[in-house]
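Each chain is listed here by its residues.
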Amino acid sequence: MLASMTMEAFSAVRDTKDNEEAQMDLTGKVVLITGAARGIGAATAMAFGQRGAKVVVNYRANEPAAARVVAAINDAGKATGGRAFMYSADARSEEEVSAMVAKTTAEFGPVDILVLNAGMGVPHKPFIDLTHEEFSRKVTGEWECFFRPLKAVLPSMVQRKSGCVIGISSQLSRVAAPCFSAHTTAKSAVDGLMKSLALELGQFGIRVNTVAPGLTVTDATSGQPQEYFQMMARLTPLGRVAQPEDVAGVVVAVASGGMGFVTGAYIPVSGGIQMV
């Protein structure tokens, strides 16, 4: 009797594991990631490629970095089935984004998963010292990086009644910090857009979620002094700051079948520091 129960329990665990692996399998899914040459975008592109997806690595200027991401995905794809190509487009440009989506459809098929990672540089200074041009460039540019790809991709998703959109935000959209007023404003705006889209697009089977990293070790944060990283690590319940792969893992999980009933969510990836 005990042996029978043990075998039944083992079988249940195995079936659960097999089901989880199947849900994380993104073989053949077409994924477009804006700003995917470096940092969180690059790690996310490679994470999707490792799960068999067809990945479009968008970049604006850093062709060598984008080429390395594509090469890594295609090399690993010999075993995983993942494939990738890169496309240079300014995510704020209607014409360039439309051309990129058309190329994606021709090469891989319509976009199943859109990851909005491209954004504007962060002016790090007190609000009183910010010029209108600096503030406007960040805020306006940020929502354009979301708006243009969404307008290009959503019609096909609506037509097919299927799709997944993930916006990369920031912990600073909810937790203010000195000298980041433009960044907080910009990310708060796109957070609101994601919530609105989740409400509007659910009827078409399209899920829209926001992933919000805390401090993450990327080129974008490389200008911060080492003491700042150490201080933030001490304040974080998990005792360290994030790596791009930490965020990428959450993005892939949100896009997978295992979270197929989740939409309109704001998911912090910060090691718990948002609680402090």
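One can find the structure itself at the top, above this paragraph.
Caption draft 1: Structural view of the overall build of the protein. On a plain count of helices and strands, the protein comes out with eight helices and seven strands. In terms of overall size, the protein behaves like a compact globule, its C-alpha atoms giving a radius of gyration of 20 Å where 276 residues would be expected to give roughly 19 Å. By principal-axis analysis of the C-alpha atoms, the protein measures approximately 75 × 45 × 40 Å. Of all 276 residues assigned to the protein, the portion counted as buried reaches 44%. Considering only contacts in the protein between residues 6 or more positions apart, those separated by 24 or more positions represent 74%. Carbon and sulfur atoms make up 57% of the accessible area of the protein, which totals about 13,700 Å². Charge centroids of the protein, computed over 25 positive and 25 negative side chains, lie 1 Å from each other.

Caption draft 2: Representation of the sheet that holds strand E5 (residues 163-168). With respect to topology, seven strands assemble into an open sheet ordered E3-E2-E1-E4-E5-E6-E7, the strand pairing being parallel. Whereas interior strands pair on both sides, the edge strands pair on one side only; in this sheet they are strand E3 (83-88) and strand E7 (266-269). Between one strand axis and the next, the sheet turns by 20° as a mean value, whatever way the strands run. With six bridges connecting them, E5 and strand E6 (residues 206-213) associate as parallel partners. Bridged to Ile166 within E6 is Asn209. Against the sheet, helix H3 (residues 63-80) contacts strand E2 (54-59) and E3, and its axis sits at roughly 165° relative to E3. Packed onto the sheet, helix H8 (residues 244-255) meets strand E4 (113-116), E5, E6 and E7 and runs at close to 165° relative to E6.

Caption draft 3: Quick peek at the packing of helix H5 (residues 132-160) against helix H6 (residues 181-201). Direction vectors running N to C along H5 and H6 enclose 20°, while the axes themselves pass 8 Å from each other. The angle between H5 and H6 places the two elements in the roughly parallel class. The chirality of how H5 crosses H6 is right-handed. Of the residues in H6, those in contact with Phe135, Lys138, Val139, Glu142, Trp143, Phe146, Leu150, Leu154 and Val158 of H5 are Ser181, Ala182, His183, Thr185, Ala186, Lys187, Val190, Leu193, Met194, Leu197 and Leu201. Of the residues assigned to the contact of H5 with H6, the class counts are 14 nonpolar, three polar and three charged.

Caption draft 4: Main features of H5. Taking 1.5 Å per residue, 29 residues should reach 42 Å; H5 reaches 42 Å between its end C-alpha atoms and fits that length. Along its length, H5 shows its largest kink, about 35°, at Val153, and proline Pro155 lies within four residues downstream of that point. Positive phi appears at Lys161, one or two residues downstream of H5, with a value of about 55°.

Caption draft 5: A look at the pattern of salt bridges. Tallied over the entire structure, the rule returns twelve salt bridges. Here Arg137 and Glu133 are joined by a salt bridge, their closest N and O atoms 3.1 Å apart. A residue pair is termed a helical-turn pair when its members lie 3 or 4 positions apart in one helix, as Arg137 and Glu133 do in helix H5 at four residues. Taking relative accessible area as the criterion, Arg137 reaches 43% and is therefore assigned partly exposed. Here Glu133 falls in the exposed class, since its relative accessible area comes to 55%.

Caption draft 6: View of the nonpolar core. The biggest cluster of nonpolar side chains holds 35 residues, and the ones touching the most others in it are Phe48, Val55 and Val57. Mapped onto this core, the elements with two or more residues apiece are strand E1 (30-33), helix H2 (39-50), E2, H3, E4, E5, H8 and E7. Ignoring sequence-local partners within four residues, the contact set of Phe48 consists of Leu26, Val31, Ile33, Ala53, Val55, Ile113, Val115, Val251, Val252 and Ala255. The next biggest cluster of nonpolar side chains, apart from the first, holds 25 residues, and it includes Phe85, Val111, Phe146 and Leu150.

Caption draft 7: Examining the packing of aromatic side chains more closely. Taken as a whole, this structure holds four aromatic pairs when the rule is applied. Centre to centre, the rings of Phe85 and Phe108 are 5.1 Å apart; their planes meet at 50°, and the pair counts as tilted. Here Phe85 is found in strand E3, whereas its partner Phe108 is found in the loop between helix H4 (94-107) and E4, with 23 residues between them in sequence. Residue classification places Phe85 among the buried positions, given a relative accessible area of 13%. By relative accessible area, Phe108 is classed as buried at 10%. Judged by centre distance (6.4 Å) and plane angle (70°), the rings of Tyr228 and Phe229 are edge-to-face. A residue is classified by how much of its surface remains accessible, and Tyr228, at 25% relative accessible area, is partly exposed. Using a relative accessible area of 11% as the deciding quantity, one classes Phe229 as buried. Cation over ring: Arg174 sits above Tyr266, and NZ or CZ is 3.6 Å from the ring centre.

The rules we used
- Residues numbered from 1 in each chain as written.
- Predicted model: local features only at pLDDT ≥ 70, side-chain atom pairs only at ≥ 80, totals over all residues.
- Heavy atoms only, no water.
- Helix = DSSP H or I, 4+ residues; strand = E, 2+ residues; numbered from the N terminus.
- Rg over C-alpha atoms; globule rule 2.2 N^0.38 Å.
- Buried < 20%, exposed > 50% of the residue type's maximum accessible area, 1.4 Å probe, protein only.
- Contact = heavy atoms within 4.5 Å.
- Areas by Shrake-Rupley, 256 points an atom, 1.4 Å probe, with all protein chains shown as cover.
- Lys, Arg positive; Asp, Glu negative; His and termini not counted.
- Charge placed at Lys NZ, Arg CZ, Asp CG, Glu CD.
- Pairing = 2+ DSSP bridges.
- Axes fitted to C-alpha atoms, helices over the stretch in contact; angles between N-to-C directions.
- Parallel < 35°, antiparallel > 145°, perpendicular 65-115°, else oblique.
- Left-handed = near helix turned anticlockwise from the far one by under 90°.
- Nonpolar A, V, L, I, M, F, W, Y, C, P; charged D, E, K, R; others polar.
- Expected span 1.5 Å × (residues − 1).
- Bend = angle between axes of the 7 residues up to and from the residue.
- Salt bridge = Lys/Arg side-chain N within 4 Å of Asp/Glu carboxyl O.
- Core = buried A, V, L, I, M, F, W, Y, C linked by side-chain atoms within 4.5 Å.
- Phe/Tyr/Trp six-rings, centres within 6.5 Å; stacked < 30°, edge-to-face > 60°.
- Lys NZ or Arg CZ within 6 Å of the ring centre and 35° of its normal.

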